[in-house]
Structure formats: C-alpha cells, structure tokens
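# Structural overview
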Amino acid sequence: MNIPFTLPALGPIMPEMLLVCMAIILVAVDLLFPRKKELLSQLVVLTTIGLIVMLFKQTPAVTFGTMFIVDPYAIFFKIICLFGLLMTTLLSGQYLKIEKINQGEYYSLMLFSVVGMMTMISAGDLIVVYLGLELMALSIYCLVGLLKNDWRANEASLKYFLMGAFSSALLLFGISLLYGMTGTTDLAGIAQYCLEADILTNPALLTGFALVLSGFCFKVGAAPFHFWTPDIYHGAPTTITSFMSVAPKAAGFAVLGRFLIMAFPESQDQWGPIIAIIALLSMAVGNIIAISQQNVKRMLAYSSIAHAGYALLGLLTGTSDGYSATMSYLYIYAFMNMGAFAVVILLCTKGHRRESLTDYKGLAKSNPGAALLMLIFLFSLTGIPPTAGFIGKFYLLKAALAAGYTWTVILAVIFSAISAYFYLRLIRYMYMEEAPQQFVTHYSPGIIAALAISAIGVIGIGIFPGTLLNWAARSLIVF
Amino acid sequence: MSLPILSLLIFFPVLGAVILLGTGKENGKKIKIMALVISLLEFVLTLPLWFAFDKTTHHMQFVERHSWISLFNIEYYLGLDGISILFILLSTLITILCVLVSWHSIQTKIKEFFVCLLLLEGAMIGVFCALDFFLFYIFWEAMLIPMFLLIGVWGGPNRIYAATKFFLYTLVGSLLMLVGIITLYMQGGDTFDILALAEQSYPLKLQLMLFWAFFAAFAVKVPMWPVHTWLPDAHTEAPAAGSVVLAAILIKMGAYGFLRFSMPILPEATAAMMIPMIILSLIAIVYGGLICLAQTDLKRLIAYSSVSHMGFVTLGLFSLNTQSVEGGILQMINHGVITGALFLAIGMVYERTHTRLISDYGGLATRMPVFASFFLLFTLASIGLPGTNGFIGEFLILLGSFMTRPWAALIAASGLIIGAWYMLWLYQRIFFNPVNPRWDSIKRLDRREITIFLPMVILIFWIGLFPNHMLSYMHVSVAHLLEQVTGNPAGIANGVQFGLDAAALPLSH
C-alpha cells in the first residue's frame, strides 16, 4: 500500500525549530568553551530578541492539518513567553554565579520549556496541547531542582513533579473523555460535533470538560489547584521563580482561552460562572494567605495566585473585550512581577539570600534606588495609578462588568483592596522601619537592563497604554 | 491655542519633584530653598487664573482636551469652573505654607519629603481640574501614594498604623467608586466626559446604586460619620505639613466629589437621598463635637473638630439651595484656611515641646504672646465669630438649611455651641491655666513662622468681611449646578422663604 506523504509546511513552526536548535547548540557551546559562561547568556539574549522580531513579522498560517495554528493570538502570547525568557536571562548571570549553578543546561532547559509553551500556545488540537505542556513541564521540573544541595529545592522539584504528573493525568483523562464523546481531539472539531450531535449537557462530556479545565487551572496556578505554588516558588532558584510566574502562566492562559472559545463557544453561560468562582477563590486564597507570609518569594507566590484570579476575570466573559483584557493584563503582569523579582535577585548575596520580609528593613535609606523601584512595582501589583497595574485591572473589571458579572467584580475589588495590605507591608519595611543592616548589591549590566525595562514598562504602559491595548485588541482569535 | 495653563500647573510640581530627586541629598538647605521656590512659582502660576476667570458663565474655562486612550474613549480633559477654581488657589497657597512649616521639623530624608509634597500638589491640582472621570480617578488614587509615605515615613510614633489605615480605607472606597464609574461609562454611551455624562438621564435604580458607589469613595474622604475613623489617626500621626494638607485640601475632595459627580450626574438619587445625607451630616456635627470634648490629645481634638465642621459642609451641599450650597463651598475654603492654620500652629508648638497632650500645656500666653494671639484668632474663626470667615460659611449653611428643613438647622446650630465649648476650653487649657514651668524657656515665634500665619490671617478677615468676592466666583456655577439637580437655579427653597439671596447679604460691601 502506498500512503501518499507530503511534508507539512514548516514555515509556521520556524521559530520553534530555531529555538530547539539553539537549545542543543547551547549545551555544545558549554562543553566546548567551559570557561566562557557569559557567552551562553549572550547567545540566549540575541536569539530571543531575534525571535521576537521574527514573530512580529510572522504571517498567520495553519499547518500539520489544523494541529498547529499561528494566528495573532498565538504570536501575542509567544512574545510574552519570549519576553519572560529574555528578562530571566538578563537576571540570571549574577545570580547563577552566586548560587554556583552556572551551567549550560540551565539555559538549554529554559529554551526547551519555551518551545513547549510556544507549542501549547499554537496548538489547535488537544494532543498537541499535551505535547507542548509536557515538554514545558519536564524542563521546568529540572530547573526547579537545579540547586542540588538545597533541600528546599529538592522538595520543590519532587513536589512539583508529583503534582504536575497528577494534573497531567487529569488532563489526559479529560482529553480521552472528550475524544470518546466527540471522536476528535481537534478543538474546532469538538465544537462542531457538540453542536451537531447536541450533546452539550451530556454528563461524560461535562466531566471531560471539567477535568481538562482542572488540568489547565493547575498550570496557571488558580485556586483550588494552587497548592503547589508556594513551596515551589519558595524552593526554586529565584530566577526560575520569576520565569515561572510569567511565562508558563501566560502559556497556560493562552491554551485555556483557546480551549474555552474554540471547543466550547456555545456553553459560555455554563463555564462563565464556574470560572468566576475559580477566579474569586484564587483572589481570596492568594490575597488573604499572602498577608501572613514572612518570605518575599512565598508572598509573591500567593500574590501570583491572586493575579491568576484577576486574569481569569477576562476569560470568563468569553467576549473579545474580555480576552484582550486578559491578554493585556498578562503582559503588564510580566513587567511588574519581573521587576519585583529583579529587586529580590538584586539583593541576593552569597550566603544570605535576603528573602525574608524583615530583610528589607531600612532598604530605602541605604539603597534608595532599589527601594524606589520596588515601591513602583508593588504599587503596580496593588493596582494604583498611574502604574500599568491599574490599567490592566481597570480593563479586566470593565470587561467583566460589561458581561454582566457585577457581583464578581465587586468582590474582586474588595479582594484587591485586601491585597494592598501585604504589598504595603513590604513598603513599610523598606521605608518606615530602620535596621542596622548592610545591603550588598551588584548592579550587573543584565540586572540594570532588566530593572530599566520593567520600570519603563510599568510607568510607560501606565501613562500611555494605547499601544499595548490596541495590539491586544487586534490579536484576538477570530470569534 | 493659548498656554496650557492647567497642565502646567499639574506638571510643574511633578517636574520640580523630579529635579529635586536628582539633587544630592547632603545639602538639606539647598533642597528646602528649591522646594520653596518651586511652590512659590506654582502659586504665581495660579494667579492668572484668578484674574482671567470669567465669572459670568458656568462653562468650563481654560479647557484642554486631547484624546488619550482612544480604545476606551478616554480623554485628557481639563477645565475649571467657579467651584473648582477656589480649590486650586487654596492648594497652591497651602503647599507654600507646608514647605515653610517643615523647614526645621523635618530632619531626616529631607529630599524625599519635599518630593512627596510636590508630587502630592500636582495630583491634588489634577483632581480639581479633571473633567474626564477616568483622569479624575487616576489623580485621585495617585494622591494616595505620596500621602501614605508622608504619614508613614515622617509621622509620629504610631505612624505606620495610621498610614496603613488611611490607605486601606481610602482604597476600598475608591475601588467601589471605580466599579460605579465603569458602570456609568457603559450606561452613559461609552464616555468618561463628566459634562456629557451629566446631560443624560439614568433610571432611578441605577442612580441609587451609583450614588452609593460614589458615596463609598467620597464619604470616606470627607469624612462623614460613620466612616470617619481613619481621620483622627491620620491627622494625629502625620507630620505638620501632612496634617495641614489633609485638613485643608484632601478632605475637601470628598465634598468636591459630591458637587462635581454625585449631584449633577445623579440628580434624582441626590434628591431621594437628601434626608439620609442630612441626617448623617447632623450626626457628624453633633457627635464630632461631643467627641472633641473628651480628647486629651491636641491634634486629635482638631481632627475630630474637622469631622464636625465637614458635617456642616455636607449639610450645606445636600440642603440643595443657593445659600446652603454656596455656604458649603465657602465653608470648605474656610475650613481649609482655619483648620490648616490650627494645624500649622500646632506643628510649630509641637516642634518646641514634642508633646501633644493638652494637660502638658498651660499658661503659654505669657510665654508666647504673639503665638497666643494668632491662635486666639484661629480659635474664634473656627467657632464662627462674626467678622471672621467661619461665620459667613456657617451662617449661609444654616440659613439655607433653615429654608428647606428648619429642624436640621436647629440641630446643626447646637453644633456651633458645642464648637465654642471645646475650642474655648482648649484655648483656656493651653494658654491660660497656671504656667507649666517646663515651658519657661520656650522659644517665641520667629519671622518665618509669623510669615506663615499672615496669609491665613488675611484670608480669615478678607473672606469674613468681604465674602462677596469669593462668592462671586461661584454664583453662576452653583446656579447651573442647582438647575441640573433640582430644575431650579435657586434650588429647593420651600418652607420658609426669605427672598434674599447670598449676593444681597447685609454683610456684603
């Protein structure tokens, strides 16, 4: 038998292929030039910038049947992930030296995880989603455990692996149920079959939907699937924590958004309220538990749970306005969260990681620049104008109100006010309390660049948000 | 296209703050002088407004309008009318005095202090100029950041608690208002333009919801009973300049919010909520006054007196006729001047004694006679002695509210008596009782401090003797506002009709 075989168009997956090549080259470079560690980060920065430019110019296309979709929506999210990679690389140089984990695998694994994210983002088929998701997750499990001699990192890595495996199993089970009911794993195909066969209320289908949703919620760290977040954020190397809080989260949201609107566009009135509950629960858990944290990384971990809740406010509407609100918010969140982590990394020194909140006492006096930047990022995370965080939150609230979720929005703003308490607490330590401690900071060029990019992003988007918002509005899935 | 004077007013202090931030921190004196020059220049910049303002129209003047975030139809839209112009002038004047009063009392982080103060000034002016609801909200919230730092970094022993409480109270109120603003935006045809929003009519149910959403933000700021509890803490713990700005400007923004947003945009809800608002105001007047009698802390007492005085303001605004509303606005200015002056005075005496307990004082009149005379004047103005500005404001409010609801005026008038009681008693305990030997060698006022008081004294007598000058700025705008709310330029004046308007008061010249 002769099966006709034609090679699918490879143009649309060019960025991913380049990234894979680069990931392999990095390991080789590390072997060939073991003394030149800075070469690795320089290569990653150049590659990332090149890819971002390339993505901006990429034309929408579909390849591998309908399994791999390159549309403006995918490009938007891929650029967030690459941005996260770029910022993390800029932050890493100094930190890796301090923690003695400066090795080729570090960058290589990050690149592989980004390939996974980009695959997820472009996936038009649940199997491809799973493929990308696992590539991303496996790389990150390793990255989390990179501090081999730190028991926290080991615990984090193992915990993340076990919980991640569990959530993947849920996801796979959900996918198999959906496949069983509809006979396809193609997102658009599922929607079409559901409509034709009129099985939208079928219990097996709903179970499948719920399981897939749980799997994605695990990835974005939304309550009640958030239990892994604090320990893993705390144990992982800080650079990886900052990376995880931005890139995989964005990828998770991208795939969740695509899944909801492509596979189940007709039942928004059913999944809308469910996601509203998940969003509110995330805000409640994140913001309230963050109040009692004593460690900056844990506090930011809980804050990231809360921010996942805010970002869900846009998705749950199922409207174009809501989607572009979530998309803009993830961008803004990348800037402000990366900025906050950059300050944490800046203060980290050999033998003293300065992760406790009380370690920030008196920072404003000895190190006014770092304190001012942290102040800006924290106010942005709180959502106080004129920072970008306010614009993002405003857009989300507006979209959710327009879709009729008035009470959800009212509760969301109350949780948002609660969040002010713990962000303010760090500001209080920095500005209002004195402590006789010396801060040793090394302003490496990478950290300076990362801090400058975040600060300019947070203030710039706060005052002139037009460009970002318009770009997000143009980058929607065609409804 | 003329000079964008309002933008200049907003961004000049911000620019000044940035320049200050760039100077070295060792040279405290240079920084103070720079801050003083910036605030003086800012005040000079406001003077053209005062003279170029056209009093014969209610239309917005000095308008600047540019598209800002086109996706949401948000504009950079500024303008002034007869209501807001007075607050701009007050803000720039008060800022100068704040710089002066902090001259010696701020010893640490001098540069950061003045940076915060100037940023605060820019945001305050922005609040009063903004004609786009979104823009207004930006300034309204942005103000929180410098104020939080002013209280929390340079305040008294319990400053961190006070600063956090202030921030959280205001934030909760503001966020609820934000939900209201977005709802209004969607109902009002996708615009944040305040004037356009006021021209439309909304269903009563929606109006009531929005009214309470706005109330959450504005009532906290005023502060109205029962959401006033942040104010005593914030006032007490803030540094002198912080207390002055809080008392003179920040808490006026709540009342200004009612005037600019709640009343014209939600007229039916305002009319429906008139009685509850009046009752809340009366509670604030009487309860605030009674609490003053029990205070042992000097600053706390003045803080609670603000609750009582602001009760008069909201009573005036919600009595909805020409006299009461004009009286309310004038009383906002008056309270800014008088309480601002009282806090300045307390700041000066605290700098010398480092105690706020009333019982620690006594007989200061023999040690600081000039100071005692100034303080007496401010005390009397606060009580509302005829000839001072306090009298005009309270008289107009009582007159106006008597015309609509005599019972309200009756209860409010009792607040005046309580006011005289606690203020005179305070004066007695500080200045007349047996001399506390601790203060035998207390320093008298120096020239800088007398200079600080002079503008306040001038304003007290100027408004007190020639109120028409101030009132003439607001006549047309208030008439327009009342027409929007009640359909009648004179407002609600049933009940007793006196047939005289504020312009024809016997006190005018």
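Residues numbered from 1 in each chain as written. Chains lettered and ligands numbered in written order. Predicted model: local features only at pLDDT ≥ 70, side-chain atom pairs only at ≥ 80, totals over all residues.

The next subject is the overall build of chain B. For chain B, the helix and strand inventory stands at 21 helices and 2 strands. Taken against the 2.2 N^0.38 rule, which gives 23 Å for 509 residues, the C-alpha radius of gyration of chain B at 22 Å falls within 12% of a compact globule. By principal-axis analysis of the C-alpha atoms, chain B measures approximately 65 × 55 × 40 Å. Evaluated residue by residue, chain B yields a buried proportion of 60% over its 509 residues. In chain B, the proportion of contacts linking residues at least 24 apart, taken out of those at least 6 apart, comes to 81%. (Helix = DSSP H or I, 4+ residues; strand = E, 2+ residues; numbered from the N terminus. Rg over C-alpha atoms; globule rule 2.2 N^0.38 Å. Buried ≥ 20, exposed ≤ 12 C-beta atoms within 10 Å, placed from the backbone. Contact = placed C-beta atoms within 7 Å.)

This brings us to the overall build of chain A. Scanning chain A from terminus to terminus reveals 19 helices and 2 strands. For 479 residues, the compact-globule formula gives about 23 Å, and the C-alpha radius of gyration of chain A, at 22 Å, lands near that figure. C-alpha atoms of chain A, sized along the principal axes, occupy 75 × 60 × 40 Å. Sorting the 479 residues of chain A into buried and exposed places 59% on the buried side. Within chain A, counting contacts between residues at least 6 apart in sequence, those at least 24 apart form 80% of the total.

Attention now goes to the interface of chain B and chain A. The partner chain A presents 24 residues to the 24 residues of chain B that form the contact. Looking at the side of chain B that touches chain A, the elements that each hand over two or more residues are helix H5 (133–142), helix H6 (144–154) and helix H7 (159–187) of chain B. It is H7 of chain B that provides the largest number of residues to the side of chain B that touches chain A, a total of 13 residues. Of the residues assigned to the side of chain B that touches chain A, the class counts are 19 nonpolar, 4 polar and 1 charged. (Nonpolar A, V, L, I, M, F, W, Y, C, P; charged D, E, K, R; others polar.)

This part takes up helix H2 (residues 37–57) of chain A. Residue and element names in this part refer to chain A. In a regular helix each residue adds 1.5 Å, so 21 residues correspond to 30 Å; H2 covers 31 Å between its end C-alpha atoms and thus fits that length. Residues of H2 that are buried: Leu40, Ser41, Val44, Thr47, Thr48 and Leu51. Here the buried residues of H2 occupy an arc of 125° about the axis, which is enough to place them on one side. Set apart from the buried face of H2 by more than 90 degrees, the exposed residues are Leu46, Ile49, Val53, Phe56 and Lys57. Contact partners of the buried residues in H2: helix H1 (14–32), helix H3 (72–99) and helix H4 (104–122). (Expected span 1.5 Å × (residues − 1). Arc of directions from axis to C-beta.)

Moving on: the packing of helix H1 (residues 5–22) of chain B against helix H2 (residues 28–52) of chain B. Residue and element names in this part refer to chain B. Contact geometry of H1 with H2 gives a least axis separation of 10 Å together with a crossing angle of 175°. Here H1 lies roughly antiparallel to H2, going by the angle between them. Packed against H1, whose contacting residues are Ile5, Leu8, Leu9, Phe12, Pro13, Gly16 and Leu20, the element H2 presents Ile31, Met34, Ala35, Ile38, Glu42, Leu45, Thr46, Pro48 and Leu49 at the interface. (Axes fitted to C-alpha atoms, helices over the stretch in contact; angles between N-to-C directions. Parallel < 35°, antiparallel > 145°, perpendicular 65-115°, else oblique.)

A word on the pairing of strand E2 (residues 74–80) of chain B. Residue and element names in this part refer to chain B. In terms of residue burial, E2 counts as a mostly covered element, since 5 of its 7 residues are buried. Where strand E1 (residues 61–69) lies against E2, 6 bridges are found, and the strand directions are antiparallel. In the sheet register, isoleucine 69 faces E2, and the bridge partner there is isoleucine 74. Between E1 and E2, which pair antiparallel one after the other, the connecting turn spans 4 residues, and asparagine 73 there sits at a positive phi close to 60°. (Pairing = 2+ DSSP bridges.)

Residues and elements named next belong to chain A. In terms of domains, chain A is made up of domain 1 (13–263) and domain 2 (267–479). Opposite the 42 residues of domain 1 that make contact, domain 2 presents 48 residues. Of all the elements, helix H10 (residues 238–263) adds the most residues to the side of domain 1 that touches domain 2, at 15 residues. When the residues that make up the side of domain 1 that touches domain 2 are grouped by side-chain class, the tally is 26 nonpolar, 13 polar and 3 charged. (Domains from an automatic or database assignment.)

The next thing to look at is helix H10 (residues 230–237) of chain B. Residues and elements named next belong to chain B. Burial runs high along H10: 8 of the 8 residues are buried. Those residues of H10 lying buried are Trp230, Leu231, Pro232, Asp233, Ala234, His235, Thr236 and Glu237. Each element contacted by the buried residues of H10 is listed here: H6, H7, helix H11 (240–265) and helix H14 (298–319).

Cis rather than trans, the peptide bond between alanine 223 of chain A and proline 224 of chain A has omega equal to 0°. Here the residue pair valine 222 of chain B and proline 223 of chain B is connected by a cis peptide bond, since its omega of -10° sits within 30 degrees of zero. In this fold, proline 223 of chain B is placed in the loop between helix H9 (204–221) and H10. Backbone geometry at leucine 320 of chain B places phi at a positive 55°, although glycine is not the residue there. By secondary structure assignment, the location of leucine 320 of chain B is in the loop between H14 and helix H15 (322–353). With 27 C-beta atoms counted inside 10 Å, the residue leucine 320 of chain B sits in the buried group. Positive phi outside glycine occurs at histidine 354 of chain B, with the angle close to 55°. Inspection of the secondary structure assignment puts histidine 354 of chain B in the loop between H15 and helix H16 (364–367). Residue histidine 354 of chain B is classed as exposed on the basis of its C-beta count, with 8 C-beta atoms lying within 10 Å.

Okay, the confidence of the model for chain B next. All names here are of chain B. Looking at chain B as a whole, its pLDDT mean stands at 86, while 96% of the residues score no less than 70. Here residues 495–509 is modelled with pLDDT under 50, and outside its nearest four sequence neighbours on either side it reaches 24 contacts, counting other chains as well. Among the scores for the predicted complex, ipTM is 0.87 and pTM is 0.90. (pLDDT = per-residue confidence, 0-100.)

All names here are of chain B. For leucine 246, the position within the fold is in helix H11. Between the C-alpha atoms of leucine 246 and phenylalanine 343, which are 97 residues apart in sequence, the distance is 9.9 Å. Leaving out residues up to four positions away in the same chain, leucine 246 has contacts with Ala234, His235, Ala238 and Ile251.

Residues and elements named next belong to chain B. With their axes 9 Å apart at the nearest point, helix H3 (residues 84–105) and helix H4 (residues 110–129) run at an angle of 170° to one another. As the angle between them shows, H3 and H4 are arranged roughly antiparallel. From H3, Ser84, Phe87, Ile88, Ser91, Thr95, Cys98, Val99 and Ser102 reach across to H4, where they touch Phe113, Phe114, Leu117, Glu121, Met124, Ile125, Phe128 and Cys129. Classifying every residue of the contact of H3 with H4 by side-chain character gives 11 nonpolar, 4 polar and 1 charged.

Across soluble globular proteins, you tend to see nonpolar side chains buried next to one another. By size, the foremost hydrophobic cluster in this structure holds 394 residues, and its most contacted members are Cys81, Ala251 and Leu397 of chain A together with Val244 of chain B. A domain split of this core shows at least three residues from each of domain 1 (13–263) and domain 2 (267–479) of chain A. (Core = buried A, V, L, I, M, F, W, Y, C linked by C-beta atoms within 7 Å.)

Residue and element names in this part refer to chain B. Relative to the helices and strands, tryptophan 140 is located in helix H5. Overall, the presence of 24 C-beta atoms within 10 Å leaves tryptophan 140 in the buried class. Along the primary structure tryptophan 140 and isoleucine 125 are separated by 15 residues, whereas in three dimensions their C-alpha atoms are 10.0 Å apart. Residues in contact with tryptophan 140, not counting those within four places in the same chain, are Val127 and Ser174.

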